[in-house]
Amino acid sequence: MACPHLSPALPSPTHPMAKSGYGKRPAGDEDPHADPDFAHLSPRDREIAVFVDHLEEGHAMGYKAIASVHPRYGQQAVRTSLKSLSEAGHSRQIREHITVEDNSMRWVTRTYWSRTRRSPEWWAEFARERKGRIVPDDYRPGLARTDAPEEPAPEAEPQPRTAYRTLADVREADPRMSLSESDCQSLESLVGEWLSRGSTPEDVTKALTDGLPPAVTNPGGLARRRLEDKMPPKKAKIRQKAAPRRARVDRVVMCCITCDADELTTKIEGGMCPDCRAEYEADLAAEAAGELDAGYVPDTFLANPDPVYEVVDVARRAAEVRAAGGLRSKAERAL
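Residues numbered from 1 in each chain as written. Predicted model: local features only at pLDDT ≥ 70, side-chain atom pairs only at ≥ 80, totals over all residues. Heavy atoms only, no water.

Trainee: Would you take a moment to explain the overall build of the protein chain for this structure?
Mentor: A count of helical and extended segments in the protein chain gives twelve helices and five strands. Scored against the burial criterion, the 335 residues of the protein chain give a buried share of 39%. Taking the intrachain contacts of the protein chain between residues at least 6 apart in sequence as the baseline, contacts between residues at least 24 apart amount to 71%. (Helix = DSSP H or I, 4+ residues; strand = E, 2+ residues; numbered from the N terminus. Buried < 20%, exposed > 50% of the residue type's maximum accessible area, 1.4 Å probe, protein only. Contact = heavy atoms within 4.5 Å.)

Trainee: Would you take a moment to explain unusual backbone geometry for this structure?
Mentor: Across the chain, the bulk of peptide bonds are trans and the bulk of non-glycine residues have phi less than zero. Of note, the phi angle at Asn103 is positive, near 75°, even though the residue is not glycine. Following the sequence through the fold, Asn103 ends up in the loop between β2 (91–100) and β3 (105–113). Residue class for Asn103 comes out exposed when judged on its relative accessible area of 63%.

Trainee: Sorry if this is basic, but what is going on with the pattern of salt bridges here?
Mentor: Any two side chains of opposite charge can pair if their charged atoms end up close together. Summed over the entire model, instances satisfying the criterion amount to 17 salt bridges. Close ionic contact of Arg277 with Glu87 constitutes a salt bridge, the shortest N to O distance being 2.4 Å. One end of the pair, Arg277, is in helix α10 (residues 274–288); the other, Glu87, is in helix α3 (residues 75–87), with 190 residues separating them in the sequence. When its relative accessible area of 14% is taken as the criterion, Arg277 is described as buried. Looking at Glu87, the relative accessible area reads 37%, which means it is partly exposed. A salt bridge links Arg128 to Glu125; the shortest N-O distance between them is 2.5 Å. Of this pair, Arg128 and Glu125 are both found in helix α4 (residues 120–130), three residues apart, which corresponds to roughly one turn of the helix. (Salt bridge = Lys/Arg side-chain N within 4 Å of Asp/Glu carboxyl O.)

Trainee: Can you help me understand the packing of helix α7 (residues 181–196) against helix α9 (residues 219–229) in this one?
Mentor: When two helices pack together, their arrangement is given by the angle between their axes and by how far apart the axes lie. The interhelical angle for the contact between α7 and α9, taken along N-to-C directions, is 15°, at an axis separation of 10 Å. The angle between α7 and α9 falls in the class roughly parallel. Relative to α9, α7 is oriented so that their crossing is left-handed. Judged by residue contacts, Asp183, Ser186, Leu187, Leu190, Val191 and Trp194 of α7 engage Gly220, Ala223, Arg224, Arg226, Leu227 and Glu228 from α9. Looking at the contact of α7 with α9 residue by residue, the classes come out as six nonpolar, two polar and four charged. (Axes fitted to C-alpha atoms, helices over the stretch in contact; angles between N-to-C directions. Parallel < 35°, antiparallel > 145°, perpendicular 65-115°, else oblique. Left-handed = near helix turned anticlockwise from the far one by under 90°. Nonpolar A, V, L, I, M, F, W, Y, C, P; charged D, E, K, R; others polar.)

Any functional reading would require information beyond the geometric quantities listed.
Right, here's the structure in full:
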């Protein structure tokens, strides 16, 4: 089907993210963006390459995830194009065995992407150099992420005698609030709570001396009432995410770009196992012969088909075909 030239589609905010620690990973050391980036690819593969190149790190790289948001290509087209991109040297899927600093171990499969076209030898060296790398263990497959425990609340009185001295010094700020030693001792815990909530001695003194009446007959009682009524709110407790743990890559295995096969059980060539390569080559041959149209999605498949297309009554057309071939209809066979 002939198709007009269209601008490449770019990822939208709806593109799914992979599980934490998975998804797209840059191979690094890439050439800057340029028009000829993917000039060696077919038009469809070039468009998928531009789409993938603009995905952010961590975005899902599976053909189903890409096809679910791509405006023009379905799963068959995307799957074939992803194989083409691997064959051309733009991506590889690598399974890494890591040991975390707590001695737990796990396998993680990552899809590495390179805007720059790489040779099979380059990818083999890239995989070899992954071994021994120290990486943050920011993924917990099968386990719920846990936050760090809440920070402990400050001591009720970080400086044991600061509260007492604050109360004893109030008389210097205003003689009407001349607190006795017993007053200072009984009110010390209240002032300590003020200080633990972030107040300063000056804040306490101001709360006890602002707007006093001309004569204060019970400084201790007035001070208690003001300290209780004007108590500042508690500070919100800070919850912090746990810092990523250090993990070491101690084994690296090259995998097929579209299935779970790896080089321990089969030969991986161009990022594909023999079965997926055979399927890929068959798809290319079928497309070249016009037997498989993995190109643009026809407008009649879209939510709002182009009005120039005729809406086909499938049941009626099927009946016409049967009649032309001398076959009885379903209703006639039932008689």
